[in-house]
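# Structural characterization, general
Given next are the chains, with one letter for each unit.
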Amino acid sequence: MFNLSLGSYAPLASLSARDLQERSVQLQDLDNFAFQNDLVVVVAAGNTPNGVVPNVDYPGHVDEREWGLGAWAAGFNSLVVGGYVADPNTNGIARNPGWPSPFTRVGPGVAKAPVPNFSAGAGDSLPQYRWRPGQHLGVSTLNQNGDWEDAVGTSFAAPVVAREAAFILQDLRRHCGPGAHPFAATAKAFMRLVAHHAVSGGKFPPSVQPLAARTLGQGCPHRARLLTPTAESAVFLWQGTLEKAGQIARVRVPIPRSWLDEAKSPQLRAVAAWNTPAFAGAPQVWACRKVQIKLRSMVGGKALRGSGNATGAYPLVDRTYNLSTNHLEDQEIVPRSDEWVVEVEYSDVGPYPPALRIDEQQRVAIALELFDKSDLRISPQLAVQAMPVTTTMVHLGGTKQAIWSPIKIPTG
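Cut-offs used in this document
Residues numbered from 1 in each chain as written. Predicted model: local features only at pLDDT ≥ 70, side-chain atom pairs only at ≥ 80, totals over all residues. Heavy atoms only, no water. Helix = DSSP H or I, 4+ residues; strand = E, 2+ residues; numbered from the N terminus. Rg over C-alpha atoms; globule rule 2.2 N^0.38 Å. Buried < 20%, exposed > 50% of the residue type's maximum accessible area, 1.4 Å probe, protein only. Contact = heavy atoms within 4.5 Å. Areas by Shrake-Rupley, 256 points an atom, 1.4 Å probe, with all protein chains shown as cover. Lys, Arg positive; Asp, Glu negative; His and termini not counted. Charge placed at Lys NZ, Arg CZ, Asp CG, Glu CD. 1 Å grid on protein atoms, 1.4 Å probe; cavity = no way out; pocket = protein on both sides within 12 Å on 5 of 7 lines; lining within 4 Å. Points joined across faces, edges and corners; volume = space filled by probe spheres on them. Nonpolar A, V, L, I, M, F, W, Y, C, P; charged D, E, K, R; others polar. Phe/Tyr/Trp six-rings, centres within 6.5 Å; stacked < 30°, edge-to-face > 60°. Lys NZ or Arg CZ within 6 Å of the ring centre and 35° of its normal. pLDDT = per-residue confidence, 0-100. Expected span 1.5 Å × (residues − 1). Salt bridge = Lys/Arg side-chain N within 4 Å of Asp/Glu carboxyl O.

## Thoughts on the overall build of the protein
Assigned secondary structure in the protein consists of eight helices and 16 strands. Rg of the C-alpha trace for the protein: 22 Å, near the compact-globule value of 22 Å for 412 residues, within the 12% margin. Principal-axis analysis of the C-alpha atoms gives the protein an extent of 65 × 55 × 45 Å. Out of the 412 residues belonging to the protein, those deemed buried represent 53%. A fraction of 79% describes how many contacts in the protein between residues 6 or more apart in sequence connect residues 24 or more apart. Approximately 18400 Å² of the protein is accessible, and the part contributed by carbon and sulfur atoms is 50%. Mean positive and mean negative side-chain charge positions of the protein (37 and 34 charges, respectively) differ by 3 Å.

Listed below in structure tokens is the structure:
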């Protein structure tokens, strides 16, 4: 775990051209290290110095230069962690549980990377953006003497997310076939799928929403749904390796027609994640590759359009597909079986670092969730479990097959 709080306070926007180039190459090397070794890298978003006051009062300081991310927290392959107020204090600036910590750094990263990705409790500040021990503004931590103390900082939020990532990878190992291991991308996709904000439903007041969107990501991820899945939805995980650009992997996804007919607002959420090679010499693109996913009711059928946008070549796609009868009819799509197909493909979108040899293989993972968006929340579980194919969905796939099946997370 890399911790920006141990480095420079200088945001990228304040660096000289020479320093910016040096930091960009270091960040490129970190991204490529994560790609080459298939790593989950967790980075603290960082904090502003104690006592630095923005020109615009909280929470309107979203565009303050001094609150911008530093180099280590601005990359594509890292999970960047911001901070929020876990235990409110009336003496603080934010004061409300779940609101962004006043000192946490604000995204985006390089090439408009939508980071921070996640967040956890990091504390609040006193007026004038100062903090002193004993004010009960932060989180409870153990000091070097083993005594509990009150402290603030995204340094205390990042380990919470790193812990969940480690547990998720550990849990996923039980679903891997011989010689296989869970990809970093698999953990990242699942974390994105299950993360949620401390504020109920992620509904922040309009004045706070812009700051929350650029500091808290999706909220805090938890492994709990791997151990005790919710009965209201069905979750599938898939991972595979594309051998080269242009190769298409086709993932069979159980979507029972009986459930589509019963549910009032059936939806499929698909989160695709990957680690990408990066090149600092193309700062407006940064990534060398981009993955695309398409949902079809059958091989060769028309692709269904989903909601949600990818950001440039950033290595994550989060889309939700409306599977209601009326919407499918509008899209001229008629389900003819209980299995749909997700197509996965990568393409080269930027130059590669000239001094590095980058393998053509590309690891990709997808987390899929079937759910009913209506108030009735009719579960797809019984219909999915009745399908014979689900008995084979027990292992995360290998690296050479053209078609892989996802695994299903059981309810019991």
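## Remarks on empty space enclosed by the protein
Considering all chains together, one arrives at two cavities of 30 Å³ or more under this definition. The computed volume of the largest cavity comes to approximately 80 Å³. Phe76, Leu79, Asn117, Phe118, Lys188, Arg192, Ala273, Tyr314, Pro315 and Leu316 together form the lining of the largest cavity. Looking at the lining of the largest cavity residue by residue, the class counts come to seven nonpolar, one polar and two charged.

## A short note on the packing of aromatic side chains
Tallying each qualifying case throughout the model produces two aromatic pairs. Ring geometry for Trp67 against Tyr129: centres 5.9 Å apart, planes inclined by 80°, an arrangement best described as edge-to-face. Separated by 62 residues along the polypeptide, Trp67 in the loop between strand 2 (41–44) and strand 3 (78–84) and Tyr129 in the loop between strand 4 (118–121) and strand 5 (139–142) bring together distant segments of the chain. Residues Trp67 and Tyr129 agree in their burial class; the two are buried. Measuring from ring centre to ring centre gives 5.1 Å for Phe76 and Tyr314, while their planes differ by 65°; the resulting arrangement is edge-to-face. Remark: Tyr314 occurs in the loop between strand 11 (303–304) and strand 12 (316–322) and Phe76 occurs in the loop between strand 2 and strand 3; sequence separation between them is 238 residues. Like Tyr314, Phe76 is buried. It is Arg363 that lies over the ring of Phe183; its NZ or CZ is 5.6 Å from the centre.

## Remarks on the confidence of the model for the protein
Averaged over every residue, the pLDDT of the protein is 92; the share at 70 or more is 94%. Low pLDDT, under 50, characterises residues 400–404; the stretch is placed with 17 contacts to residues that sit more than four places away or in other chains.

## Details of unusual backbone geometry
Along the chain, Tyr58 connects to Pro59 via a cis peptide bond; the corresponding omega equals 5°. Residue placement: Pro59 occurs in the loop between strand 2 and strand 3. Across the junction of Gly107 and Pro108, the peptide omega takes the value 10°, indicating a cis bond. Here Pro108 lies in the loop between strand 3 and strand 4. A positive phi angle, near 70°, is found at Gln128, a position not held by glycine. In this model, Trp286 sits at a positive phi of 70°, which is unusual for a non-glycine residue. Checked against the element boundaries, Trp286 lands in the loop between strand 9 (266–273) and strand 10 (289–296). On the basis of relative accessible area, Trp286 is assigned to the buried category, the value being 1%.

## A look at the layout of surface pockets
By volume, the largest pocket is sized at about 730 Å³. At three residues, strand 14 (residues 362–372) tops the list of elements feeding residues into the lining of the largest pocket. In terms of residue class, the lining of the largest pocket is made up of four nonpolar, eight polar and ten charged. In this structure, the second largest pocket encloses a volume near 500 Å³. Together, 28 residues line the second largest pocket, and Leu12, Ala13, Pro108, Gly109 and Val110 are the ones closest to its centre. Considering every element that reaches the lining of the second largest pocket, the biggest residue donor is helix 1 (residues 17–37), with four residues. Split by residue class, the lining of the second largest pocket holds 17 nonpolar, five polar and six charged.

## Some thoughts on helix 1
Given a rise of 1.5 Å per residue, 21 residues ought to cover 30 Å, and the 30 Å separating the end C-alpha atoms of helix 1 matches this to within 8%. Regarding helix 1, the residues found buried are Ser24, Leu27, Gln28, Leu30, Asp31, Asn32, Ala34 and Phe35. Looking one or two residues past helix 1, Asp38 carries a phi angle of roughly 55°, positive in sign.

## A short note on the side chain of Glu64
Position of Glu64 among the secondary structure elements: in the loop between strand 2 and strand 3. Despite its burial, Glu64 remains without a salt bridge, the nearest opposite charge being carried by Arg65 at 8.5 Å.

## Here we look at the environment of Ala234
With respect to the secondary-structure elements, Ala234 resides in strand 7 (residues 233–242). A sequence separation of 121 residues divides Ala234 from Ala355, and the C-alpha atoms of the two residues are 45 Å apart. When residues no more than four places from it in sequence are discounted, the contact partners of Ala234 are Leu368, Glu369, Leu370, Pro380, Gln381 and Val384.

## So, the environment of Arg132
Relative to the helices and strands, Arg132 resides in the loop between strand 4 and strand 5. Residues Arg132 and Asp150 lie 18 residues apart in sequence; the distance between their C-alpha atoms is 9.0 Å.

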